[in-house]
Amino acid sequence: MKQRLVTGIIAGVVFLGLCLIGGLPYHLIVLAMAMIGYYEFVRMTKVSPFGGTAWLGYLGVLLFVFPWKPLGIDFPLSWDHFIWLLLFLFMLVTVITKNKIAIQQAAMLFLGAVYIGVGFSYIAGSRGAPDGHGLFWTFLLLVSIWASDAGAYFVGKWIGKNKLWPAISPNKTIEGALGGVVISMIAAAAFSLFSGGILTFGRAVAIGLACAVTGQLGDLIQSAYKRVYGIKDSGTLLPGHGGILDRCDSWIIVFPFVHIVMLMPY
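Report follows, based on the coordinates. Note on numbering: residues in each chain are counted from 1, in written sequence order. Per-residue local features of the predicted model are confined to residues with pLDDT of at least 70, and side-chain atom pairs are confined, for both listing and counting, to 80 or more; whole-chain, interface and lining totals are unaffected and use all residues. Just so you know, side-chain values use all the structure's heavy atoms and leave hydrogens and water out.

1. Digging into the overall build of the protein chain
- The secondary structure content of the protein chain amounts to 10 helices and 2 strands.
- Ordered by position from the N terminus, the helices and strands of the protein chain form the series α-α-α-α-α-α-β-β-α-α-α-α.
- Since a compact globule built from 266 residues should have a radius of gyration of about 18 Å, the 19 Å found for the protein chain is in line with a globular shape.
- The principal-axis extents of the C-alpha atoms in the protein chain amount to approximately 60 × 45 × 35 Å. To qualify as a helix, a DSSP run of H or I must reach at least 4 residues; to qualify as a strand, a run of E must reach at least 2; elements of each kind are numbered from the N terminus. Every radius of gyration here is taken over C-alpha atoms, with the globule rule written as 2.2 Å times N^0.38, N being the number of residues.

2. Describing unusual backbone geometry
- Even without a glycine there, the phi angle at Lys-46 is positive, about 65°.
- Its location among the elements puts Lys-46 in the loop between α2 (23-44) and α3 (52-65).
- Throughout this description, buried means an accessible area under 20% of the type-specific maximum (1.4 Å probe, protein chains only), exposed means over 50%, and partly exposed covers the range between. Exposure remark for Lys-46: the relative accessible area of 57% places this residue in the exposed category.
- The phi dihedral of Lys-98 is positive, around 55°, even though this residue is not glycine.

3. Thoughts on the side chain of Ser-223
- Tracing the backbone through its elements, the reader meets Ser-223 in helix α8 (residues 201-229).
- Relative accessible area serves as the criterion here: at 13%, Ser-223 is assigned to the buried category.
- If we skip the residues at most four places from it in the chain, Ser-223 touches Ile-168 and Ser-169. Contact between two residues is taken to exist if any of their heavy atoms lie within 4.5 Å; hydrogens are not considered.

4. Structural notes on the environment of Cys-248
- Mapped onto the elements of the fold, Cys-248 is located in helix α9 (residues 244-248).
- Between the alpha carbons of Cys-248 and Gly-218 there is a distance of 8.9 Å; along the sequence they are 30 residues apart.
- When near neighbours in sequence (up to four residues on either side) are disregarded, Cys-248 contacts Met-33 and Phe-120.

5. A few points about the packing of aromatic side chains
- Stacked, tilted and edge-to-face pairs are distinguished by plane angle, under 30 degrees for stacked and over 60 for edge-to-face with tilted covering the rest, among Phe, Tyr and Trp rings (Trp via its six-membered ring) whose centres lie within 6.5 Å. All chains considered together, the criterion is met by 23 aromatic pairs.
- Of the aromatic side chains, those joined through ring pairs into one cluster are Tyr-38, Tyr-39, Phe-41, Phe-50, Trp-55, Tyr-58, Tyr-115, Tyr-225 and Tyr-229.

6. A word on the packing of helix α5 (residues 103-127) against helix α10 (residues 251-260)
- Axis definition: a line fit to C-alpha positions, over the contact stretch in the case of helices; interaxial angles, taken between N-to-C directions, run 0 to 180 degrees. Relative to each other, α5 and α10 sit at 65°, their axes nearing to 8 Å. One finds that α5 runs roughly perpendicular with respect to α10. At the point where α5 passes α10, the crossing takes the left-handed sense. Contact with α5, carried on its side by Tyr-115, Val-118, Gly-119, Phe-120, Tyr-122, Ile-123 and Ser-126, involves Trp-251, Ile-252, Ile-253, Phe-255, Pro-256, His-259 and Ile-260 of α10 and no other residues of that element.
- Residues are grouped as follows: Ala, Val, Leu, Ile, Met, Phe, Trp, Tyr, Cys and Pro are nonpolar; Asp, Glu, Lys and Arg are charged; all remaining types, including Gly, are polar. By residue class, the composition of the contact of α5 with α10 is 11 nonpolar, 3 polar and no charged. Oblique is the label for any angle not covered by the other classes, which are roughly parallel (under 35 degrees), roughly antiparallel (over 145) and roughly perpendicular (65 to 115). Put simply, a crossing is left-handed when the front helix is turned counterclockwise from the back one by less than a right angle, and right-handed when it is turned clockwise.

7. What to know about the environment of Leu-238
- Relative to the helices and strands, Leu-238 resides in the loop between α8 and α9.
- Residue classification places Leu-238 among the buried residues on the basis of a relative accessible area of 17%.
- In sequence terms Leu-238 and Thr-7 are 231 residues apart; their C-alpha atoms lie 6.4 Å from each other.
- Ignoring anything within four residues of it in the chain, the contact list for Leu-238 reads Thr-7, Ala-11, Gly-243 and Arg-247.

So far we have only geometry, and geometry alone does not tell us how the molecule works.
Dropping the structure here:
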């Protein structure tokens, strides 16, 4: 617990400090996290993390999360065109290698590149929101996610009796999950009180609900994936916490989701 606490404090100070600074420094730390996250994903898939096919995935993640806007550069493709080209290249690998790299392996590496690349691109992009309140929106989502995690843990410990999904995550309970939803909604609602009118109470509650539900689903997705491959943590970068994907599994689902369903006002 001591190691977990120390690691959490150090990592939190570094990340939140760069988030406060914003701009290129923040975008670059998110990019680094994305690249490490893909490395963890490849290793979990039992593929060489430095094999030729994996490098195609690293390139995909790099282009997804690259600081195009902070550097004043326009990405030359639309994102749907880029995703299709990335898919085509992964499928082409199976032909070039005469099925030495099977379609299942190429599909998993493509899935990881999109899952991680899109997720972290939204994490980086939210900080540079065009309305000028990127720091507010980023903190709102992060605090809502953390409130859900804390609420689920402590409520589950306190009154949790009914297992939520024991085949995937045996320690999670229905009571804990509901507690996480309530605490997340309360935390998000509190942001509306200090938003200066940019966040209504109703939208705040909806964001808190979305963060809690999709965040917990993101956690379960990662748990299911790790269970298939028989591993406990995605990596060892953060002692006591595991890897980047262990800490950001909720983030890379929540940030895209709240934008896609237009809960963010931009």
